Amino acid sequence: MHDTLFSLPVVKQISPYLSLRQKDELPLLIINHPLVRAAIATQGAHLLAWQPAGEKPVLWLSEKTPFQSGKALRGGVPICWPWFGPAGNPAHGFARTQTWTLSAHNADEKGVMLTFVLESNAQTQKLWPHEFTLIARFRLGQHCEIELEAHGEFSATAALHSYFNVADIKQVEVSGLGPHFIDKVNADAEGQSEGKQRYPGRIDRIFTQPADCSVIHDGAGARAIEIYHHYQSDVVTWNPGPELSCSMADMSNDGYKTMVCVETARIHEPLISAAERPARLASTFRLRTDKT
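The rules behind each value
- Every chain is numbered on its own, with residues counted from 1 as its sequence reads.
- Totals for whole chains, interfaces and linings use every residue, but because this is a predicted model, local features are given only for residues with pLDDT of at least 70 and side-chain atom pairs only at 80 or more, for both listing and counting.
- To get the side-chain values, all heavy atoms of the structure are used, and hydrogens and water are removed first.
- Secondary structure counts use DSSP, requiring at least four H or I residues in a row for a helix and at least two E residues in a row for a strand, with both numbered from the N terminus.
- Polar contact criterion, stated in full: a pair of N or O atoms within 3.5 Å, where within protein one must be able to donate a hydrogen and the other to accept it, and residues adjacent in sequence count only if both atoms are side-chain atoms.
- Two residues qualify as a contact provided that any one of their heavy atoms is within 4.5 Å of a heavy atom in the partner residue.
- Two strands form a pair only when DSSP identifies at least two bridges running between them.
- Pairing of aromatic rings covers Phe, Tyr and the six-membered ring of Trp, with a centre-to-centre limit of 6.5 Å; geometry is then stacked below 30 degrees between planes, edge-to-face above 60, and tilted otherwise.
- Three labels apply to residues, based on accessible area from a 1.4 Å probe with only protein chains included: buried if under 20% of the type maximum, exposed if over 50%, partly exposed otherwise in between.
- As a reminder, the over-ring test applies to NZ of lysine and CZ of arginine, requiring each to be within 6 Å of the ring centre and within 35 degrees of the ring normal.
- Only the contacting stretch of a helix is used when fitting its axis, a line to C-alpha atoms as for every element, and angles between N-to-C directions run 0 to 180 degrees.

Colleague: How should the side chain of S273 be read in this particular structure?
Modeller: Position of S273 among the secondary structure elements: in strand β21 (residues 259-273). Engagement of the side chain of S273 in a polar contact is seen with the backbone oxygen of A150, the distance being 3.0 Å. The residues touching S273, leaving out its near neighbours within four places in the chain, are A150, G152, E153, F154 and A279.

Here it is, written out as structure tokens:
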């Protein structure tokens, strides 16, 4: 899927490293830089791919996700806002299915920076009666930095719902999750943890006292992915397991084998936006391989 995105025909060359392309119904911004290649859909300001030069893709993207206007994409880093999960309709909020505006872009020898803006409109007002300006900033190079900034007067829950590529989920362990979790598979039962999670089947847990850095140890892939969480109250980790994977139209039956979600989130402590104090949520991804 990643290679398909990078081979799409160029609609417009915006700058030497940045081009506008089209995948079915959705416009995509494609970054080709000496240090990195990446792809972002303007729908949702949705980071679909991030791949430092010489490395395998770091983000997982479903081969079966439809690139349709108004339909959420499966994979990459969906921005879940202004609510997480089934707290409203649509699930995980409307930010990921709204069209954002590219307001700024810049580049240097270290990578490319992009800024997207979403403002309240008639459609969002029907779903959520608040005026807002939402800003998403991306710094894409050997590291990946994502920052969400919410202006207005309201409270919201949110997550940067990152899907990561792994070689074999059976050999994956995530560390740095903290001692306490809420088990969404088991009727929100509370559980204790040593801060580590493996994936023998379906896992959907909200860790409420996470460390500031989670690490995905990808044994079969011989690499580790570090996720640094900023302004978080929670870290969510999810893998659908075989049964749920088979029931999802936008995921192949064995899709669960090569992905794991580790998400920077604000769930049990909502983000509070006030007139002069925008709320923030941010993540930084770093790749460690045997070469580094």
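So, next bit.
Colleague: Where do I start with the pairing of strand β1 (residues 10-15) in this structure?
Modeller: One face of the sheet, then the other: side chains in a regular strand alternate in exactly this way. Of the strand pairs in this sheet, β1 and strand β2 (residues 18-23) are connected by 4 bridges, and their pairing is antiparallel. Residue pairing in the sheet places S15 in a bridge with L18 of β2. Count of turn residues in the β1/β2 antiparallel hairpin: 2 residues.

Colleague: It is not clear to me how the packing of aromatic side chains should be interpreted in this structure. Could you clarify?
Modeller: What describes a pair of aromatic rings is the distance from one ring centre to the other and the angle between the planes of the rings. Tallied over the entire structure, the rule returns 15 aromatic pairs. Consider the rings of W128 and F154, whose centres lie 4.9 Å apart with planes at 70 degrees: the pair is edge-to-face. Here the residue W128 occupies a position in the loop between α2 (122-127) and β9 (132-141), and F154 occupies one in strand β11 (residues 154-160), the gap between them amounting to 26 residues. F154 matches W128 in its accessibility class, with the two residues each being buried. Taken together, the ring pairs connect W81, W83, F94, W128, F132 and F154 into an aromatic cluster. Taking NZ or CZ as reference, K23 lies 5.5 Å from the ring centre of F67, over its face. One residue, R286, lies across the ring of Y228, its end atom 5.4 Å from the ring centre.

Colleague: What exactly am I supposed to notice about the sheet that holds β2 here?
Modeller: Reading across the sheet, the 5 strands line up as β1-β2-β3-β4-β5 and stay open at both edges, with antiparallel pairing between neighbours. For this open sheet the edge positions go to β1 and β5 (46-52), each flanked by a neighbour on one side alone. Along the sheet, successive strands turn relative to each other by an average axial angle of 20 degrees, direction set aside. Pairing between β2 and strand β3 (residues 26-33): 6 bridges, direction antiparallel. Of the residues in β3, the one forming a bridge with L20 is L29.

Colleague: What is the right way to look at the sheet that holds strand β16 (residues 197-198) in this model?
Modeller: Within a sheet, adjacent strands bond to each other through the backbone by hydrogen bonds, running parallel or antiparallel. Across the sheet, which stays open at both edges, the 9 strands sit in the order β7-β8-β9-β10-β22-β19-β18-β13-β16 with antiparallel pairing between neighbours. Looking at which strands have only one partner, the edges of the open sheet turn out to be β7 (101-108) and β16. Pairing of strand β19 (residues 223-230) with strand β22 (residues 279-289), which is carried by 8 bridges, proceeds in the antiparallel orientation. Within the sheet, the bridge partner assigned to Y228 lies in β22 and is T284.

Colleague: How do you make sense of the pairing of strand β15 (residues 189-192) when you look at a structure like this?
Modeller: Strand direction decides the pairing type here: strand β14 (residues 180-183) and β15, joined by 4 bridges, are antiparallel. If you follow D183 over to β15, its bridge partner there is A189. Where β14 hands over to β15, the hairpin turn is made up of 5 residues, of which A187 adopts a positive phi near 55 degrees.

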